[in-house]
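Structural features, examined
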Amino acid sequence: MKNIIYLILPLFLWLETANEALSQDFEVLFRDFDASNLTYEDKRFLQTALAFEGHYHGLLDGAWGRISDRALNRYSQSEFETAPADWHMAMLAWSLFERLSNDGWEFNYFPGLGLSLLWPEKTIVRDADTDYFLNYSHKSSTLAISMGVHNRETTQKLHDFTLSTHEGATQPYSVRKQNLAVSSATDRDGSILYTRSDFVNGSWSTVMLSSSEQDAAILGAVSSSISAKRVQKLSFTIGGKLDYVVKTTIDALEQSDESQAKTAEVPPSNRKNVSGSAGSGFVVSAAGHVLTNAHVVEGCTTITVDGRNAKLVAFSQEFDLALLVSEAFENKEVAVFSASSAKLNSDVTAAGYPYAGMLGGLNITRGSVSSLKGLGGDPVTMQITSPIQSGNSGGPLLASDGEVVGVVVSKLNELKVADALGDVPQNVNFAIRGEVALLFLAQNGVEAKLSLDDRRLEPEELAELATSFTTFIECR
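Residues numbered from 1 in each chain as written. Predicted model: local features only at pLDDT ≥ 70, side-chain atom pairs only at ≥ 80, totals over all residues. Heavy atoms only, no water.

1. Describing the sheet that holds strand β3 (residues 124-126)
- In spatial order, the strands read β3-β4-β5-β9-β8-β7-β6; together these 7 strands make up an open sheet with antiparallel pairing. The two strands at the open ends of the sheet, each matched to only one other strand, are β3 and β6 (173-177). The sheet shows a mean angle of 15 degrees between the axes of neighbouring strands, direction not considered.
- Pairing geometry for strand β4 (residues 134-138) and strand β5 (residues 144-150), over 4 bridges, is antiparallel. In the sheet register, L134 faces β5, and the bridge partner there is M147.
- Sitting on the sheet, helix α7 (residues 216-225) touches β8 (192-200) and β9 (203-211), and the angle it makes with β9 is about 165 degrees. (Pairing = 2+ DSSP bridges. Helix = DSSP H or I, 4+ residues; strand = E, 2+ residues; numbered from the N terminus. Axes fitted to C-alpha atoms, helices over the stretch in contact; angles between N-to-C directions. Contact = heavy atoms within 4.5 Å.)

2. Here's the deal with the nonpolar core
- In terms of nonpolar packing, the biggest core is built from 57 residues, with I145, M147 and L242 touching the most fellow members.
- When residues of this core are assigned to their parent elements, the largest contribution, 8 residues, is made by helix α5 (residues 87-103).
- Counting residues in hydrophobic clusters, the runner-up holds 42 residues, among them V283, V284, A448 and A466. (Core = buried A, V, L, I, M, F, W, Y, C linked by side-chain atoms within 4.5 Å. Buried < 20%, exposed > 50% of the residue type's maximum accessible area, 1.4 Å probe, protein only.)

3. Details of α7
- Within α7, 8 of the 10 residues are buried, which leaves the element mostly enclosed by the surrounding structure.
- Three or more residues of α7 are buried, namely I218, L219, G220, A221, V222, S223, S224 and S225.
- Tucked inside the fold, the buried residues of α7 contact α3 (40-52), α5, β1 (105-110), β2 (115-120), β8 and β9.

4. Structural notes on the pairing of strand β11 (residues 289-292)
- Residue alternation in β11 divides its side chains into two sets, H289 and L291 and V290 and T292, and both sets are buried.
- The pairing of strand β10 (residues 277-283) with β11 spans 2 bridges and is classified as antiparallel. The partner of F282 across the bridge, within β11, is L291.
- Hairpin remark: β10 followed by β11, antiparallel, with 5 residues in the connecting loop; positive phi at G288, about 95 degrees.
- In this structure, β11 lies alongside strand β14 (residues 321-326), joined through 4 bridges in antiparallel fashion. Bridge pairing links V290 to L324 in β14.

5. Let's talk about the pattern of salt bridges
- Under the counting rule described, the total for this entry stands at 10 salt bridges.
- Between K241 and D86 there is a salt bridge, and its shortest N-O distance comes to 3.4 Å. On the criterion of sequence distance, the pair formed by K241 in helix α8 (residues 241-264) and D86 in the loop between α4 (66-80) and α5 is long-range, its members being 155 residues apart.
- Its relative accessible area of 14% is what places K241 among the buried residues.
- Residue D86 is classed as buried on the basis of its relative accessible area of 1%. (Salt bridge = Lys/Arg side-chain N within 4 Å of Asp/Glu carboxyl O.)

6. Focus: the confidence of the model for the protein
- Within the protein, residue pLDDT values average 84, and 83% of them lie at 70 or more.
- Across residues 13-24, where pLDDT falls below 50, the model places 28 contacts with residues more than four positions away in sequence or in other chains.
- Counting contacts from residues 412-425, a segment whose pLDDT is below 50, to residues more than four positions away or on other chains yields 27 contacts. (pLDDT = per-residue confidence, 0-100.)

7. Details of the packing of α3 against α5
- Contact pair α3 / α5: the axes reach a minimum separation of 9 Å and the direction vectors enclose 75 degrees. As the angle between them shows, α3 and α5 are arranged roughly perpendicular. Facing α3, whose interface residues are F45, L46, T48, A49, L50 and F52, α5 presents M89, L92, A93, S95, L96, F97, R99 and L100.
- Among the residues making up the contact of α3 with α5, the classes are represented as 11 nonpolar, 2 polar and 1 charged. (Parallel < 35°, antiparallel > 145°, perpendicular 65-115°, else oblique. Nonpolar A, V, L, I, M, F, W, Y, C, P; charged D, E, K, R; others polar.)

Given below as structure tokens:
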């Protein structure tokens, strides 16, 4: 799953700098998730993907309700630390595509049982039969599947045995209905034994599943799939919303690759020298070190900080950070970093010089930390709601006590994407995490000032403090 996330991550980074000719409609990728336009097939497909990810524990019936919503919320928070968005559907679909391709999972109907269930056609192995069961094992996991048809007395013994194996901290799971019995137990080591019996055609058809704790999600997906009827094959609606989200994401990735390939044809040293660029930074040492983004100074022939000549001393494309050194600043203070990480939903203030300083000096915007990770779960960045403009890159992100908790790095290019989206993505902005910036500084011999002072400052005090160490950077 993580590999899929890293494949799609460059798409969202590319959207920040997409060119004017961008015409693909990417709106569906950024909207809040809405199940109302999904078909039965789409919903069942997503339920199955969520089950395999370990978040959905319900019937794979295509009925999207509270259980499905909660499962998607758990998935989105776990993988991206954000509320569900439509592009998360593409991630789920690709995770399931991978499983289908590798293991051949599909709904299979067993006439002798009168039951349907998910079956890994490519990776299932027939084991030796026992008195009561036909036995199978899954080559790609510890999942074992046993199936048989029994009378009432034998069925009762199977469920009693299942419950007797339970040594977990909670009560074993048990359901008893006129035509259905379900028992689930967890052993001391976390291994699971699940038994389901359906009364079909005068007998009890039983499926018994077992797995280690690490494969609980696979067992859960199979147990959720069992149905006392023939069910249709796993699919999604061609031309439906899920299909559109997946294809739109693929189209966007292709355009991103093409755009990046064209950019790569121009040597980095020549990209910014023609017309120059500008950004922001802030003083991090009494020796005149200034921290900014790597992309602010990439390819520069000359760099100035507040009009003074500066030299590039360290550069990291991985962190998108650069360290400059300039003449001693008589009127500048040294920024103090927070010794603790930014908290989710905490207040933050961004400082910088947008639009090459044309807005008339230092610009201050306020917001909050909306996610502790960046796009695709990127651990280097976090998402913020502070409004960011072109030229804010490299400026400090301050907590409510005036301590630096991040370095402003990027935003989705709202004006350039608006025509394609039909709507403007709101406050999708990012900052490099403060602890990453501290690591970069330490690696390059700069010992940053740290503080645990949590005294909240008034907004006017924050602005005055930011002015004391934020700098204007020009690149030619």
